[in-house]
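Per-entry structural report
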Amino acid sequence: MVAHRLPSASSTRWNFNSRAVKTVYEHKDDLVRCFQTIRYNDAFDGPTKREAGGFVLMLEDDAFCFFLALFHKIMPHVDILYNQLQKRNCDCLHWREAVPSLVEDEEYRGPVQEPQPKKRRALAEDTQRHLAVEVCDTIMTHTKDRFAFTKHLVSATLLQGDLFQQHSRTFPDSALETTVEAYPSLDKARLKTELSLIYDDEEFQNCSGALALYQVLMANNLQDTFTETVSLLNILITTPMTTSESERCFSTLKRIKTFLRNTMTQDRLNALAMLSIEKKMTREIPDFNTRVIEKFASQKDRRAKFLYK
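Definitions and cut-offs
- Residue positions are given per chain, counted from 1 along the sequence in the order it is written.
- Residue-level local features of this predicted model are given only where pLDDT is at least 70; pairs of side-chain atoms are given and counted only at 80 or more, and the full residue set underlies all totals for whole chains, interfaces and linings.
- Side-chain numbers here rest on the full set of heavy atoms in the structure, without hydrogens or water.
- Under the scheme used here, helices are H or I runs from DSSP no shorter than 4 residues and strands are E runs no shorter than 2 residues, and both carry numbers assigned from the N terminus.
- For every residue, the accessible area (1.4 Å probe, protein chains only) is compared with the maximum for its type, and the residue is labelled buried under 20%, exposed over 50%, or partly exposed between those bounds.
- Residue contacts follow a heavy-atom distance rule, with two residues in contact if any of their heavy atoms lie within 4.5 Å.
- Calculation of accessible area relied on Shrake-Rupley with a 1.4 Å probe; when residues are assessed, cover is drawn exclusively from the protein chains displayed.
- The term salt bridge refers to a side-chain nitrogen of Lys or Arg lying within 4 Å of a carboxyl oxygen of Asp or Glu.
- pLDDT expresses, on a scale from 0 to 100, how confident the predictor is about each individual residue.
- We call a set of buried Ala, Val, Leu, Ile, Met, Phe, Trp, Tyr and Cys residues a nonpolar core when their side-chain atoms join them within 4.5 Å.
- All axes are obtained by fitting lines to C-alpha atoms, using only the stretch in contact for helices, and the reported angles, taken between N-to-C directions, cover 0 to 180 degrees.
- Here is the rule for angles: anything less than 35 degrees is roughly parallel, anything more than 145 is roughly antiparallel, 65 through 115 is roughly perpendicular, and the remaining ranges are oblique.
- When the near helix sits turned anticlockwise from the far one by under a right angle, the crossing is termed left-handed; a clockwise turn instead gives a right-handed crossing.

Looking at an unreviewed UniProt entry, the protein carries the name HAT C-terminal dimerisation domain-containing protein, with the source organism given as Coilia grayii.

1. Here we look at the overall build of the protein
Assigned secondary structure in the protein consists of 16 helices and 0 strands. Classification of the 309 residues of the protein by burial places 32% in the buried group. A separation of at least 24 residues holds for 63% of the contacts in the protein among residues at least 6 apart in sequence. Surface accessibility of the protein: about 20,700 Å² in total, with carbon and sulfur atoms responsible for 53%.

2. Things to note about the pattern of salt bridges
As a working rule, side chains carrying opposite charge can pair if their charged atoms are close by. The final tally for this structure, using the stated rule, is 5 salt bridges. A salt bridge links D42 to K49, with the nearest nitrogen and oxygen atoms 3.5 Å apart. In this structure, the salt-bridge partner of E177 is K188, at a minimum N-O distance of 2.1 Å. Note that E177 is positioned in helix 8 (residues 173-182) and K188 in helix 9 (residues 188-200), a separation of 11 residues in sequence.

3. Focus: the confidence of the model for the protein
On average, the protein scores 79 in pLDDT, and the residues at 70 or more come to 79%. When mean pLDDT is taken per element in the protein, helix 3 (residues 46-59) scores highest with 91 and helix 5 (residues 92-105) scores lowest with 60. Scored below 50 in pLDDT, residues 115-119 makes 4 contacts in the model with residues more than four places away or belonging to other chains.

4. Notes on the nonpolar core
Within the largest apolar cluster, 24 residues are counted, with the highest numbers of intra-cluster contacts made by L158, L159, L195, F204, L213, L217 and L232. When contributions to this core are tallied by element, the ones reaching two or more residues are helix 8, helix 9, helix 11 (210-219) and helix 12 (227-238). If we ignore the near neighbours within four places in the chain, the residues touching L158 are F164, H167, P172, A175, L176, T179, L195, Y199 and L232. Membership of the second largest hydrophobic core comes to 10 residues, among which are F35, I38, A52 and L59.

5. Some points on the packing of helix 4 (residues 62-85) against helix 6 (residues 125-146)
Where helix 4 contacts helix 6, the two axes come as close as 11 Å, and the packing angle between them is 40°. Overall, the two elements helix 4 and helix 6 adopt an arrangement that is oblique. Crossing of helix 4 against helix 6: the hand is right-handed. Every residue of helix 6 that contacts helix 4 at F66, F67, L70, F71 and I74 is listed here: Q128, L131, A132, V135, C136 and I139.

Have a look at this one:
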């Protein structure tokens, strides 16, 4: 009757709730019709009918409809932040741009209550506005508190490409002080000299992030010239922004170390896991499979013929 599957909720994957909200919002009338059919169908027992009637009352409740419409408007903005933080190439530069954009988007512009039947009394517009503002403020407060411990990531602004022209006119001394305080192994004087040269170069100004700048330095063999900058880039690139990378490792481990392959050594497990995690990189290596077979066959004499001359 609904012709759509209701996504299951998860206590750990909170983004699954947004899919459930979207599905219920878009198919609310179909769900009501489905539960009404169950409610008045003699093929179902009494407890099932009473449960279906409870769902009908909930879907027709004014407060439920208001919060359903409200979160249907809010969750897409939250999903944007979630998807950006789940990217493999997410670094602190992208993170610093993603969080403020969510805070700017969380603005309530008017009532979201859908038209209700005349026999039911809808929530007042002032009540709607008060509740919506409270929900948005709660989300923004939690977001700011969640990412408030990242003062050491101020160093990301030193290597943000769109700020290079501004830094070339006025050097960010405060950000440099914070960076050196967070990472005492860096040479402050040398790092300032290297950054001043980078800010004035047009080629470096076209870099969109820390990874792009690192690739330019390595491609031109400038790692010995900009030693402190490369050290700072290594820190920023390898600092995990989220737990998504470690979660991928655990997911890969479940696929590799199965019941039938439970006795493999640690070295073999690490090698297979690396090949699985970085499979995109291995596909880009020319003749990767052929080279692996040749190396395996040349290690010692084997009964199977891997090489043909």
